[in-house]
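# Chain and residue survey
Each chain is listed here by its residues.
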Amino acid sequence: LVDSTIEHTWEIADDNYVPQSGTITLTEDTVVDVELTPLPKVVKFAASADTAGYLTDTGDFYLSGRNQYGQQGAASSAESINTFTKRASGVKDFALSDCTSAYITESGDLYMCGWGTYGQQGNNSTSNVKSFTKRASGVKQVALTSGTSGYITESGDFYLCGNGNR
């Protein structure tokens, strides 16, 4: 760096730095140590007409998009959530449809939220669900469409919900 000026704040009090104000000038001989923390890697991305989501290599699950049926799991009726927001940790897989979202935890628990008009939430109801709610344990795969959800357990059992299969 040559003749660069960076605004910075500091004050020394009891051997600790407390924010105040000042200016630091860096020259080409100035050495600045910066510790960078690597960002998690995205290992899965999926998108539907209304919702997008991704899963990181650390197991964090993020969603963004429309929320009219609660498919963001945000426990709100906000029409849209236009930034990717972390919805869960410890996730190994997820699935999205236009109005329903689901994820499976590392321990095999299935959580779902969103549209429920056809019973696709698997809770013996046709109501929308605005928060991620546990639906099953021992799940290894989940799939969603607009009016139907299905999952397979670790033991090979298959369950189908929605469009009359409540």
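The structure contained in this document is the topic of the report that follows.

Procedures and definitions
Residues numbered from 1 in each chain as written. Predicted model: local features only at pLDDT ≥ 70, side-chain atom pairs only at ≥ 80, totals over all residues. Heavy atoms only, no water. Pairing = 2+ DSSP bridges. Helix = DSSP H or I, 4+ residues; strand = E, 2+ residues; numbered from the N terminus. Axes fitted to C-alpha atoms, helices over the stretch in contact; angles between N-to-C directions. Buried < 20%, exposed > 50% of the residue type's maximum accessible area, 1.4 Å probe, protein only. Phe/Tyr/Trp six-rings, centres within 6.5 Å; stacked < 30°, edge-to-face > 60°. Salt bridge = Lys/Arg side-chain N within 4 Å of Asp/Glu carboxyl O. Core = buried A, V, L, I, M, F, W, Y, C linked by side-chain atoms within 4.5 Å. Contact = heavy atoms within 4.5 Å.

## Structural notes on the sheet that holds strand β9 (residues 91-96)
Read from one edge of the open sheet, 4 strands run β9-β10-β11-β12, paired in antiparallel fashion. Either end of the sheet is taken by a strand with one partner, and the two such strands are β9 and β12 (129-136). Strand-to-strand twist in this sheet, taken as the mean axis angle between neighbours without regard to direction, amounts to 20°. As paired elements, strand β11 (residues 110-114) and β12 share 4 bridges and run antiparallel to each other. Paired with Met-112 across the bridge in β12 is Thr-133.

## Points about unusual backbone geometry
You will see that Asn-124, though not glycine, has its phi angle at about 60°, which is positive. As for its position among the elements, Asn-124 is in the loop between β11 and β12. Here Asn-124 falls in the exposed class, since its relative accessible area comes to 67%.

## Comments concerning the packing of aromatic side chains
A full pass over the atoms with the stated rule returns 10 aromatic pairs. On the numbers, 4.9 Å between centres and 40° between planes, the contact of Phe-61 with Phe-94 is tilted. Residue Phe-61 is located in strand β7 (residues 61-66), and its partner Phe-94 is located in strand β9; the two are separated by 33 residues in the primary sequence. When sorted by exposure, Phe-61 lands in the same class as Phe-94, which is buried.

## Some thoughts on the pattern of salt bridges
Per the counting criterion, the structure on display carries 6 salt bridges. Two residues, Lys-44 and Asp-93, come together in a salt bridge whose shortest N-O distance is 2.6 Å. Within this pair, whereas Lys-44 is found in strand β5 (residues 42-47), its partner Asp-93 is found in strand β9, the two being separated by 49 residues in sequence. We classify Asp-93 as partly exposed; its relative accessible area is 21%. Taken together, the shared-partner salt bridges connect Asp-50, Arg-66 and Glu-79 into one network.

## Points about the nonpolar core
Of all hydrophobic cores here, the largest spans 12 residues; its members are Ala-46, Leu-55, Phe-61, Leu-63, Ala-88, Val-91, Phe-94, Leu-96, Tyr-103, Cys-113, Val-129 and Phe-132. Those elements giving two or more residues to this core turn out to be β7, β9 and β12. Examining the composition of this core, we find that 3 residues originate from one element, β9, more than from any other. Apart from residues lying up to four places away in sequence, Ala-88 is in contact with Gly-59, Asp-60, Phe-61 and Tyr-103.

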